[in-house]
Structure formats: structure tokens, C-alpha cells
Amino acid sequence: MGTLEKSNEKSKMWFFGDSYTYGDGCVQERPPNREYYKLKPHGVLWRKGLADHFNMDGINKSKGGASNDWILNSLIDELLNIQPNDIVVFGLSWSERFQLIDKRNGHHVNFLPQDFIEHTYKSTNIILDDDDRSYHRELFNAIKTVLLEYRVQHEEILRDYHYNQALKILKKLEQSNVRFLLWDLKKAQFRYRTINDEIGNGDYHWSWKGHNDFMLKCVELLENNKNEYSV
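Residues numbered from 1 in each chain as written. Predicted model: local features only at pLDDT ≥ 70, side-chain atom pairs only at ≥ 80, totals over all residues. Heavy atoms only, no water.

Caption draft 1: How the structure looks around the packing of aromatic side chains. Applying the stated criterion across every chain yields a total of 13 aromatic pairs. Seen from their ring centres, Tyr20 and Trp206 are 5.2 Å apart, and the 80° between their planes marks the pair as edge-to-face. With Tyr20 in helix 1 (residues 19–22) and Trp206 in the loop between helix 9 (195–199) and helix 10 (208–223), the pair connects residues that are 186 residues apart, well separated along the chain. Given the relative accessible area of 1%, Trp206 is considered buried. Between Trp46 and Trp183, the aromatic rings sit 5.8 Å apart at their centres with planes inclined by 90°, giving edge-to-face as the arrangement. In this pair, Trp46 sits in helix 3 (residues 46–53) while Trp183 sits in strand 6 (residues 179–184), placing the two residues 137 residues apart along the sequence. You can call Trp46 buried: its relative accessible area is 0%. Ring pairs connect the aromatic residues Phe15, Tyr20, Trp46, Trp183, Tyr192, Trp206, Phe214 and Tyr229, which therefore count as one cluster. One cation-aromatic arrangement involves Arg47 over Tyr22; the distance from NZ or CZ to the ring centre is 5.8 Å. A cation sits over an aromatic face here: Lys217 above Tyr229, 5.9 Å from the ring centre. (Phe/Tyr/Trp six-rings, centres within 6.5 Å; stacked < 30°, edge-to-face > 60°. Helix = DSSP H or I, 4+ residues; strand = E, 2+ residues; numbered from the N terminus. Buried < 20%, exposed > 50% of the residue type's maximum accessible area, 1.4 Å probe, protein only. Lys NZ or Arg CZ within 6 Å of the ring centre and 35° of its normal.)

Dropping the structure here:
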């Protein structure tokens, strides 16, 4: 395939990932306190800048707090909608994250390790069943054990597993003339300026400058026919 060129025909650029793709800190709705957004409301999210650069319609399928399982499932859900000449930009999140079924509505819920490490079942806001406290207590303690004894200790193995899963799906799409860019948050997060760098509030999501610089990196990779992020 040749170098990407801008065209008048609008193909789609699909974005799958977690809060770093969604734009937490630089979007009005996330996080609720909107501290950085209130101070600096103007800028361009990296995914919007990237889609605009290639004159494509950006389709955002990311979600704050998403686990790699959730992100992979989101890609699978859209496979029949992704068309030749589209581009898929897929960002891996932290491999310790996981999803469970909420008994109240039957939907998948993403959980972060700190939800279990920093709380007890009595203090956490993780509720899967409003009416069964014993269920909640037993499940919380069981998950905490599995999380600490398995997911955290074997983070590198899980990361490689998720990366290879995503890469195989994306390479299959490539056979249908779909370009892709696969990137790993662990490699990219602290290479770009964060909100904490700007205002010192402990928010390590990217600032507007971080978004711009990461967008430029993605442009460079795609224009040079690279499909995996490298530093």
C-alpha cells in the first residue's frame, strides 16, 4: 500500500481505546470537576486532529476506564461496519483492568485495580447487586484476591496476550484494505505532556499539548506506512 493521501472522499477513521483516546481532562463531561477544561477549554483532541488531517470522519468508540477486553470486544462489534480504505486506531489500556456483569442490568462494567486495592467492600462504590450484601462482599473479596495474585503479578503476560489478540484482528482487517495503527498506553503515556504537568492536580491524562504531540506522532507513523507505535 502506498503512502496515505488526503482525498475528498470521506472514509472513516475508527478509534478504540480508553480515557486517553476519549480525551479525559480535555472534554467537558470527564472528569466531573472539569478542572483543566475550565482553565483551558480550547484545543484539539488528538483523535479529532488525526481524522481531520486525513480528511476522514472520526468514529469514536473509546470509553474512560475501559479494559482491554472491553476495547477488543468493541472492535469485534464493529468489524462488519469497517470498510475498505478506513483506518482503525487501536489503543491498548492497562492489562490489569477487567470487566464483570452487573447483575442489575446485565451490562458489562469495567473495573480498575485501584477500585479493589484502595477500598473495602463496605467503602467502595462498586456495587453489582443492590439487594444482596453477602454476594457483594464475597465477590469483592474474591476479585481482590484474583486481581492481586493473578492479574497484577502477571501483567506483562496479559499485556502480550491482549496485544497479540488485537494485532491478529487488525492484520485480518488489513487484508481487506483497511489500514491500522496499534499503540500501547504503557509505552506512550508519559512521553507526552500531561494535565498534571500543566496545573499540578495529579491528573496524568494528556494536556492539549500532549494531544497535539501524540497526534503528530500518529500522523508520522501513518504517513510512513507504520502500523505499530514505536518510540
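Moving on, there is more to tell.
Caption draft 2: Expanded view of the environment of Glu96. Here Glu96 is to be found in the loop between strand 3 (87–92) and strand 4 (98–101). Residue Glu96 is classed as buried on the basis of its relative accessible area, which comes to 16%. Taking C-alpha positions, Glu96 is 9.6 Å from Glu156, a pair spaced 60 residues apart along the chain. The residues contacting Glu96, other than those within four sequence positions of it, are Pro113, Leu147, Arg151, Val152 and Glu155. (Contact = heavy atoms within 4.5 Å.)

Caption draft 3: Broad picture of the nonpolar core. In terms of nonpolar packing, the biggest core is built from 23 residues, with Met13, Trp46, Leu50, Val89, Trp183, Trp206 and Phe214 touching the most fellow members. Considering every element that reaches this core, the biggest residue donor is helix 10, with six residues. When residues no more than four places from it in sequence are discounted, the contact partners of Phe214 are Trp46, Trp183, Ala188, Tyr192, Trp206 and Tyr229. Of all hydrophobic cores here, the second largest spans 19 residues; its members include Trp70, Leu72, Ile82 and Val88. (Core = buried A, V, L, I, M, F, W, Y, C linked by side-chain atoms within 4.5 Å.)

Caption draft 4: Molecular detail of the packing of helix 4 (residues 68–77) against helix 7 (residues 155–174). Contact pair helix 4 / helix 7: the axes reach a minimum separation of 11 Å and the direction vectors enclose 10°. By the angle between their axes, helix 4 is roughly parallel relative to helix 7. Facing Asn68, Asp69, Leu72, Leu75 and Ile76 of helix 4, the residues of helix 7 in contact are His162, Gln165, Ala166, Ile169, Leu170 and Leu173. Looking at side-chain class alone, the contact of helix 4 with helix 7 contains seven nonpolar, three polar and one charged residues. (Axes fitted to C-alpha atoms, helices over the stretch in contact; angles between N-to-C directions. Parallel < 35°, antiparallel > 145°, perpendicular 65-115°, else oblique. Nonpolar A, V, L, I, M, F, W, Y, C, P; charged D, E, K, R; others polar.)

Caption draft 5: Inspection of the environment of Thr21 at higher detail. Considering the arrangement of structural elements, one finds Thr21 in helix 1. On the basis of relative accessibility, which here comes to 1%, the residue Thr21 falls in the buried class. Residues Thr21 and Ser93 lie 72 residues apart in sequence; the distance between their C-alpha atoms is 9.8 Å. Thr21 has contacts with Phe15, Phe16, Trp46, Arg47, Asn60, Ser62 and Trp183, leaving out every residue within four places of it along the chain.

Caption draft 6: Molecular detail of the pattern of salt bridges. One pass over the full model with this rule turns up twelve salt bridges. Ionic pairing is found between Asp184 and Arg159, a salt bridge with its closest N-O pair at 2.4 Å. Here Asp184 is found in strand 6, whereas its partner Arg159 is found in helix 7, with 25 residues between them in sequence. Neither Asp184 nor Arg159 differs from the other in exposure class; each is buried. (Salt bridge = Lys/Arg side-chain N within 4 Å of Asp/Glu carboxyl O.)

Caption draft 7: A nonpolar patch on the surface, seen in detail. On the surface, Ile117, Leu148 and Val152 cluster together into a nonpolar patch covering about 220 Å² of accessible area. Mapped onto the secondary structure, Ile117 falls in helix 5 (residues 113–117). (Patch = residues over 30% accessible without salt bridge, like charges linked within 9 Å, V, L, I, M, F, W, Y side chains within 5 Å. Areas by Shrake-Rupley, 256 points an atom, 1.4 Å probe, with all protein chains shown as cover.)

Caption draft 8: Quick look at the packing of helix 3 against helix 10. At their nearest, the axes of helix 3 and helix 10 sit 8 Å apart, and the two run at 40° to each other. Here helix 3 runs over helix 10; the crossing is right-handed. Only His211, Phe214, Met215, Cys218, Val219, Leu222 and Glu223 of helix 10 make contact with helix 3, whose side of the interface consists of Trp46, Gly49, Leu50 and His53. In terms of residue class, the contact of helix 3 with helix 10 is built from seven nonpolar, three polar and one charged. (Left-handed = near helix turned anticlockwise from the far one by under 90°.)

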